[in-house]
Amino acid sequence: MKARKVVIAIMVLLAAASMAYANGQKEAAPAADAKPVVLRLAETHPADYPTTLGDIRFADLVKERTKGRITIEVYPASQLGQEKAVIEQVQFGAIDFTRVSVSPLAAFVPVFNALQLPYLYRSEEHMWNVLLGPIGKELFASLEPSGFVGIGWFEPGARNFYNSKRVVSKPSDLAGLKIRVQESELMVGMVQGLGAVATPMAYGEVYSGLQTGVIDGAENNWPSYESTSHYEVAKFFTLDGHTRVPEIIIASKISMSRLSEADQALIKQAALDAIPYQRQLWAEREKASEAKVRAAGNTITVITDKAPWQAAMKGLYDKQPTSIQYLIKRIGEVK
Ligand code: GTR
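Anyway, here's the lowdown on the structure attached to this text. Counting restarts for each chain, with residues numbered from 1 along the sequence as it is written. Totals for whole chains, interfaces and linings use every residue, but because this is a predicted model, local features are given only for residues with pLDDT of at least 70 and side-chain atom pairs only at 80 or more, for both listing and counting. Computation of side-chain values covers all heavy atoms of the structure but excludes hydrogens and water.

## So, the overall build of the protein
Right, on to step 1. A run of DSSP states H or I qualifies as a helix once it reaches four residues; a run of E qualifies as a strand once it reaches two. Both are numbered from the N-terminal end. When you go through the protein residue by residue, the secondary structure sums to 16 helices and 11 strands.
Right, on to step 2. C-alpha atoms of the protein, sized along the principal axes, occupy 100 × 40 × 35 Å.
Right, on to step 3. Between buried and exposed lies partly exposed: a residue is buried under 20% and exposed over 50% of the maximum accessible area for its type, with that area taken using a 1.4 Å probe on protein chains only. Every one of the 335 residues in the protein was classed for burial, and the buried ones make up 50%.
Right, on to step 4. Entry remark: accessible area of the protein is about 15,500 Å², with carbon and sulfur atoms responsible for 58%. Calculation of accessible area relied on Shrake-Rupley with a 1.4 Å probe; when residues are assessed, cover is drawn exclusively from the protein chains displayed.

## Overview of the packing of helix α2 (residues 50-65) against helix α12 (residues 261-273)
Right, on to step 1. Orientation is described by lines fitted to C-alpha atoms, with helices fitted over the stretch in contact, and by angles between N-to-C directions that extend from 0 to 180 degrees. Following both chains from N to C, one finds α2 and α12 inclined at 135°, their axes separated by 8 Å at the closest point. Accordingly, the angle class assigned to the pair α2 and α12 is oblique. The hand of the α2/α12 crossing is right-handed. Of α12, the residues touching α2 (which contributes Phe-58, Leu-61, Val-62 and Arg-65) are Leu-266, Ile-267, Gln-269, Ala-270, Ala-271 and Asp-273. Note that the term roughly parallel is reserved for angles under 35 degrees, roughly antiparallel for angles over 145, roughly perpendicular for angles of 65 to 115, and oblique for everything else. Handedness of each helix crossing follows the sense of rotation of the near helix against the far helix: counterclockwise by less than a right angle gives left-handed, clockwise gives right-handed. In this description, contact between two residues means that some pair of their heavy atoms is separated by no more than 4.5 Å.

## Observations regarding the side chain of Asp-96
Right, on to step 1. In this fold, Asp-96 is placed in the loop between α3 (83-92) and β3 (97-101).
Right, on to step 2. Nearest to the buried, unbridged Asp-96 among oppositely charged side chains is Arg-40, at 5.0 Å.
Right, on to step 3. From its side chain, Asp-96 meets the backbone nitrogen of Arg-40 in a polar contact 2.8 Å long.
Right, on to step 4. Under the rule applied, a polar contact is a pair of N or O atoms within 3.5 Å (in protein, one hydrogen donor and one hydrogen acceptor; residues adjacent in sequence only if both atoms are side-chain atoms). A distance of 2.7 Å separates the side chain of Asp-96 from the side chain of Ser-255, its partner in a polar contact.
Right, on to step 5. Once residues lying within four places of it in the same chain are set aside, the contact partners of Asp-96 are Leu-39, Arg-40, Val-90, Ile-250, Ala-251, Ser-252 and Ser-255. His is not counted, nor are the chain ends; Lys and Arg add positive charge and Asp and Glu add negative charge. We define a salt bridge as a contact between a side-chain nitrogen of Lys or Arg and a carboxyl oxygen of Asp or Glu at a distance within 4 Å.

## A short note on the side chain of Asn-160
Right, on to step 1. By secondary structure assignment, the location of Asn-160 is in strand β5 (residues 159-163).
Right, on to step 2. In terms of polar contacts, Asn-160 uses its side chain to reach the backbone carbonyl oxygen of Ala-158, at 3.3 Å.
Right, on to step 3. If we ignore the near neighbours within four places in the chain, the residues touching Asn-160 are Ala-218, Glu-219, Asn-220, Asn-221, Phe-237, Thr-238, Leu-239, Asp-240, Gly-241 and His-242.

## A look at the sheet that holds strand β1 (residues 37-43)
Right, on to step 1. At least two bridges found by DSSP between two strands are what make those strands a pair. Within the open sheet, the 5 strands sit side by side as β2-β1-β3-β10-β4. Their pairing is mixed. One side of each edge strand has no neighbouring strand; the edge strands of this open sheet are β2 (70-75) and β4 (148-154). Ignoring which end each strand starts from, the neighbouring axes of this sheet average 25° apart.
Right, on to step 2. Note: β3 against strand β10 (residues 247-252), 5 bridges, orientation antiparallel.

## Quick notes on the nonpolar core
Right, on to step 1. Only buried residues count toward a nonpolar core. Its members are Ala, Val, Leu, Ile, Met, Phe, Trp, Tyr and Cys residues joined through side-chain atoms within 4.5 Å. Judged by nonpolar contacts, the single largest core of 77 residues is most densely connected at Phe-58, Phe-112, Leu-115 and Ile-248.
Right, on to step 2. Reported domain spans reflect what an automatic or database domain assignment gives. Looking at which domains feed residues into this core, each of domain 1 (31-157 + 245-284) and domain 2 (159-244 + 293-333) supplies at least three.
Right, on to step 3. For Ile-248, the residues in contact, after removing those within four places along its chain, are Thr-98, Arg-99, Val-100, Val-102, Leu-105, Phe-112, Phe-140, Leu-143, Gly-152 and Trp-153.
Right, on to step 4. Membership of the second largest hydrophobic core comes to 13 residues, among which are Val-206, Tyr-225, Tyr-231 and Phe-237.

## Overview of the packing of aromatic side chains
Right, on to step 1. Classification of ring pairs uses Phe, Tyr and Trp, with its six-membered ring standing for Trp, and accepts pairs whose centres are within 6.5 Å; under 30 degrees between planes counts as stacked, over 60 as edge-to-face, and the remaining range as tilted. Enumeration over the complete set of coordinates arrives at 11 aromatic pairs.
Right, on to step 2. Between Phe-140 and Trp-153 the ring centres are 4.9 Å apart and the planes differ by 10°, which places this aromatic pair in the stacked class. Placement of the pair is Phe-140 in helix α6 (residues 134-143) and Trp-153 in strand β4, with a sequence separation of 13 residues. Grouping residues by exposure puts Phe-140 and Trp-153 together as buried.
Right, on to step 3. Members of the aromatic cluster, joined through ring pairs, are Tyr-162, Trp-222, Tyr-225, Tyr-231 and Phe-237.
Right, on to step 4. Look at NZ for Lys and CZ for Arg. If either is within 6 Å of the ring centre and within 35 degrees of the ring normal, a charge sits over the ring. In this arrangement the basic side chain of Arg-40 is found over the ring face of Tyr-75, its NZ or CZ atom lying 5.9 Å from the centre.
Right, on to step 5. When the ring centre of Tyr-277 is taken as reference, the NZ or CZ atom of Arg-57 above it lies at 3.9 Å.

As structure tokens, this is what we get:
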């Protein structure tokens, strides 16, 4: 009888111990002997630009939450290369993270074209509801087979045309102008649809392209137009707001797979938690950049009737494959 009680007592103790162990495992903060990790993030914009400051906030959150065990070094100003080359390196695990525009990323994962069609979103809020809702999550998942992990989105603002030649107030004014676009087939199609000559080119080459006359114009948001000094060499700005091309933070699947599941989850959460800060900075910078450009005396043409612009870009929608047509429809249904 006594022996039986002892056996039961031992079994209860063992069960309790193994449960405690399992719980401990679940919560397991990284093993005390986990080695410090240093990872790199590539950013094309300068150190004081809202996306760069958003990247730094993300890195700070990771550092803080891992008590300094994981450091993400942010390399601004294209120090690690232009966006397309950087995306390739992320794919091979040579760079761990990058913040890029969805536009060059779509050359690697074409379904991302669905996010950058002209006049797709009704407003900034509509775009954010798409990005932070089920569609955004599905798009993150669609990156994985190509070697990327989607972890965060940043505010991109609306893009507008600018050029060094003349006032552009209707699509036909663009006829024959050589317009730089991001390295994206869809953007080439968009500019051709407007009757201009599309020249895909890396961001870092646009200033000298404008200055030497290799191109006549380009298109971008207020902060990029201002921070690159493009506004000094291409003074005609047309506020047509043709696209909002989301900014995305992606990680290399190879780099992420070297980390524990808990660290991967922590990194993903930190990227999401950096979004509100970047959006706030964006709103401030957009105003400051506009004020600076206006003060410089540039010619700003405001487009109130967007119908002819939308009509000129309709062909681009018709050309999209069914998978994208399906997403366009769903994006339209998002509140
Ligand atoms: C900016 C974007 C950059 C880059 C650039 C471009 O708005 O933030 O990542 O894609 O446009 O036009 O190349």
